[in-house]
Amino acid sequence: MANILIVVGSVTGKALSAAQAIEQVLAQHHQVSLSTSPSVADVQNPSLDILLAVVSTTGQGEVPSPLMPWFSEMQDLFPLLPALKFAVVGLGDSSYANFCGGSEQVENLLLELQARPICDRFKIDALEYYNPVDVAQAWALEFLPLIS
Ligand SMILES: Cc1cc2nc3c(=O)[nH]c(=O)nc-3n(C[C@H](O)[C@H](O)[C@H](O)COP(=O)(O)O)c2cc1C
């Protein structure tokens, strides 16, 4: 059983509902917690196996403001996380220039911190899926076998 932390960056709640759908699937097999206001210490917890970031995009390709305190603190403190595995789910809208840019920023930061990606970033396009719950749930079912 893996210890998984889902950090969520959401403005109008779509990323949050996607994250909760993923949490429901993963929690059937793993120990999962979800946070919309995580701290750097949360991801430095030695008993954490997997960090899953579910992040929408706001402004011009930016990380949602509720997650910015965590994101900025991670940039400032720059804790190296070579033992941590991670995955990123991005929510965006492909009619914008920086499609899923917020999740791309989070992924790039985690890579700079030497955390290890489990799979490619999964992008959910609001143009294609008005409600992200079903597609998030389907992704979680595909993600499950990648977790050892
Ligand atoms: C003001 C505003 C700016 C946005 N900027 C972007 C953007 O730059 N890139 C993108 O892919 N999506 C952008 N979006 C689309 C949202 O990321 C998308 O609708 C997402 O599903 C919202 O998720 P949330 O409700 O969790 O915040 C923007 C939406 C709004 C309202």
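Refer to the structure presented above.
Fair warning: this is a prediction, and the values are worked out from it, not measured in the lab.

Basis of the calculations
- Numbering of residues starts from 1 in each chain and follows the order in which that chain's sequence is written.
- The model is predicted, so local features are restricted to residues of pLDDT at least 70 and side-chain atom pairs to those at 80 or more, both for listing and for counting; the totals for chains, interfaces and linings are taken over all residues.
- To obtain the side-chain values, all non-hydrogen atoms of the structure were included, while hydrogens and water were left out.
- We call a residue near a molecule or strand as soon as one heavy atom of that residue lies within 4 Å of the molecule or strand.
- Polar contacts, as used here, are pairs of N or O atoms within 3.5 Å; protein pairs need one atom able to donate a hydrogen and one able to accept it. Residues neighboring in sequence count only if both atoms are side-chain atoms.
- For accessible areas, the Shrake-Rupley method is used with a probe of radius 1.4 Å. Any residue's cover is judged against the shown protein chains and nothing else.
- A helix here means a DSSP run of H or I that spans at least four residues, while a strand means a run of E at least two residues long, and both kinds are numbered starting from the N terminus.
- Residues were grouped as follows: Ala, Val, Leu, Ile, Met, Phe, Trp, Tyr, Cys and Pro as nonpolar; Asp, Glu, Lys and Arg as charged; and all remaining residues, including Gly, as polar.
- Note on definitions: angles span 0 to 180 degrees between N-to-C directions of axes, and those axes are lines fitted to C-alpha atoms, for helices only across the stretch in contact.
- Crossings are classed by handedness, with left-handed meaning an anticlockwise turn of the near helix from the far one by less than a right angle and right-handed meaning a clockwise turn.
- Should any heavy atoms of two residues lie within 4.5 Å, those residues are counted as being in contact.
- Relative accessibility thresholds used throughout: buried, under 20% of the residue-type maximum; exposed, over 50%; partly exposed, between the two (1.4 Å probe, protein chains only).

Trainee: Before we go on, may I ask you to explain the site of the ligand in this structure?
Mentor: The ligand sits among 19 residues. The nearest are S10, V11, T12, A15 and T57. At 2.7 Å from an oxygen atom of the ligand is found a main-chain nitrogen or oxygen belonging to A15. With respect to the ligand, the backbone of C100 contributes an N or O atom lying 2.7 Å from an oxygen atom. Bound to the protein, the ligand loses 79% of the 650 Å² it would expose on its own. Listed by contribution, the elements that provide at least two residues to the shell around the ligand are α1 (14-26) and β4 (85-92). Per-class residue counts for the shell around the ligand are six nonpolar, 11 polar and two charged.

Trainee: Help me out: how do you make sense of the packing of α1 against helix α5 (residues 133-143) in this one?
Mentor: For any two helices packed against each other, the geometry comes down to the angle between their axes and how far apart the axes lie. Between α1 and α5, whose axes approach to 8 Å, the crossing angle comes to 35°. Viewed along their axes, α1 and α5 form a crossing whose handedness is right-handed. When α1 is examined against α5, the residues S17, A18, A21, I22, Q24, V25 and L26 are found in contact with a partner set consisting of V133, A136, Q137, W139, A140, L141 and F143. Partitioning the contact of α1 with α5 into residue classes produces 11 nonpolar, three polar and no charged.

Trainee: Looking at this structure, how should I read unusual backbone geometry?
Mentor: Note: most peptide bonds trans; most residues except glycine with negative phi. Positioned with a positive phi, F78 is a non-glycine residue whose angle comes to about 45°. A residue is classified by how much of its surface remains accessible, and F78, at 33% relative accessible area, is partly exposed. Here C100, not a glycine, exhibits a phi torsion of approximately 55°, which is positive. Its location among the elements puts C100 in the loop between β4 and α4 (101-112). Here C100 falls in the buried class, since its relative accessible area comes to 1%.

Trainee: Got a minute to help me understand the environment of S56 in this structure?
Mentor: Within the element layout of this structure, S56 appears in the loop between β3 (50-55) and α3 (68-77). Accessibility expressed as a relative area gives 10% for S56, which makes it buried. It is 25 Å that separates the C-alpha atoms of S56 and A2, two residues lying 54 residues apart in sequence. If near-sequence neighbours (up to four positions away) are discounted, S56 is found in contact with G9, S10, V11, A15, E62, P64, L91, G102 and S103.

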